[in-house]
Amino acid sequence: MVHTDGRLTTCCLDEHLENVLGNLCDQTLAELWWGPTIHSWRVAQIEARFEDSGPFCSRCNWRSAGSYPPDKVAEYLAHTDTSTESGEGGAGPQAENE
């Protein structure tokens, strides 16, 4: 979700901006979308470490809506050169085009 001042958060329920990824006035959407902060969040989500994802994730009822298919998770992790053990990385597809 993008706030009116450019701050980007992971969740539409984050109205007090407690889980800000960055600001679109300072960075591009691609930089934020494929950066290390959102990557760490994605890995925590993949590993069901919702308490490490942000202030709302551990109590969110949207988790019951389904999860990302395992083959897509493996594809993402392979593309970012990351295992779920390290929690590092974050270079996304845009890196190939730069």
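Our structure's up above, just so we're on the same page.
Below or above, wherever it landed, is the structure these notes cover. All values reported here derive from a predicted model rather than from experimental measurement. (Residues numbered from 1 in each chain as written. Predicted model: local features only at pLDDT ≥ 70, side-chain atom pairs only at ≥ 80, totals over all residues. Heavy atoms only, no water.)

1. So, the side chain of Asn19
So, point 1. For Asn19, the position within the fold is in the loop between strand E1 (7-9) and strand E2 (20-23).
So, point 2. What makes Asn19 buried here is its relative accessible area of 16%.
So, point 3. Looking at Asn19, its side chain comes within polar contact range of the main-chain oxygen of Ser53, at 3.1 Å.
So, point 4. Look past the residues within four positions of Asn19 in its chain and what remains in contact with it is Leu8, Thr9, Thr10, Asp14, Trp41, Ser53, Gly54 and Pro55. (Helix = DSSP H or I, 4+ residues; strand = E, 2+ residues; numbered from the N terminus. Buried < 20%, exposed > 50% of the residue type's maximum accessible area, 1.4 Å probe, protein only. Polar contact = N/O pair within 3.5 Å; in protein donor to acceptor, adjacent residues only side chain to side chain. Contact = heavy atoms within 4.5 Å.)

2. Notes on the side chain of Thr80
So, point 1. As for its placement among the helices and strands, Thr80 is situated in the loop between helix H3 (70-79) and helix H4 (94-97).
So, point 2. The class of Thr80 is buried, set by a relative accessible area of 5%.
So, point 3. Within polar-contact distance, the side chain of Thr80 engages the backbone oxygen of Leu77 at 3.2 Å.

3. Details of the pattern of salt bridges
So, point 1. According to the stated counting rule, one finds four salt bridges in the structure shown.
So, point 2. Linking Arg49 and Glu47 is a salt bridge whose minimum nitrogen-to-oxygen distance equals 2.5 Å.
So, point 3. In this structure Arg49 comes out as partly exposed when scored by relative accessible area, which is 27%.
So, point 4. Judged by relative accessible area, which is 26%, Glu47 ranks as partly exposed.
So, point 5. For Asp52, the salt bridge goes to Arg49, with nearest N and O atoms at 2.7 Å.
So, point 6. Residues participating in the shared-partner salt-bridge network are Glu47, Arg49 and Asp52. (Salt bridge = Lys/Arg side-chain N within 4 Å of Asp/Glu carboxyl O.)

4. Brief notes about the packing of aromatic side chains
So, point 1. Following the criterion strictly, the structure yields one aromatic pair and no others.
So, point 2. Residues Trp34 and Tyr76 carry aromatic rings whose centres are separated by 6.4 Å and whose planes lie at 25 degrees to one another, so their mutual orientation is stacked. One end of the pair, Trp34, is in the loop between helix H1 (29-33) and helix H2 (36-46); the other, Tyr76, is in helix H3, and 42 residues separate them in sequence.
So, point 3. Taking NZ or CZ as reference, Arg42 lies 4.8 Å from the ring centre of Trp33, over its face.
So, point 4. Looking at Arg42, its charged tip hangs above the ring of Trp34, at a distance of 5.1 Å from the centre. (Phe/Tyr/Trp six-rings, centres within 6.5 Å; stacked < 30°, edge-to-face > 60°. Lys NZ or Arg CZ within 6 Å of the ring centre and 35° of its normal.)

5. Overview of unusual backbone geometry
So, point 1. Of note, the phi angle at Leu17 is positive, near 55 degrees, even though the residue is not glycine.
So, point 2. The residue Leu17 is located in the loop between E1 and E2 in this model.
So, point 3. Residue classification places Leu17 among the buried residues on the basis of a relative accessible area of 14%.
So, point 4. In this structure, Ala48 is a non-glycine residue whose phi angle is positive, near 60 degrees.
So, point 5. Topologically, Ala48 is positioned in the loop between H2 and H3.

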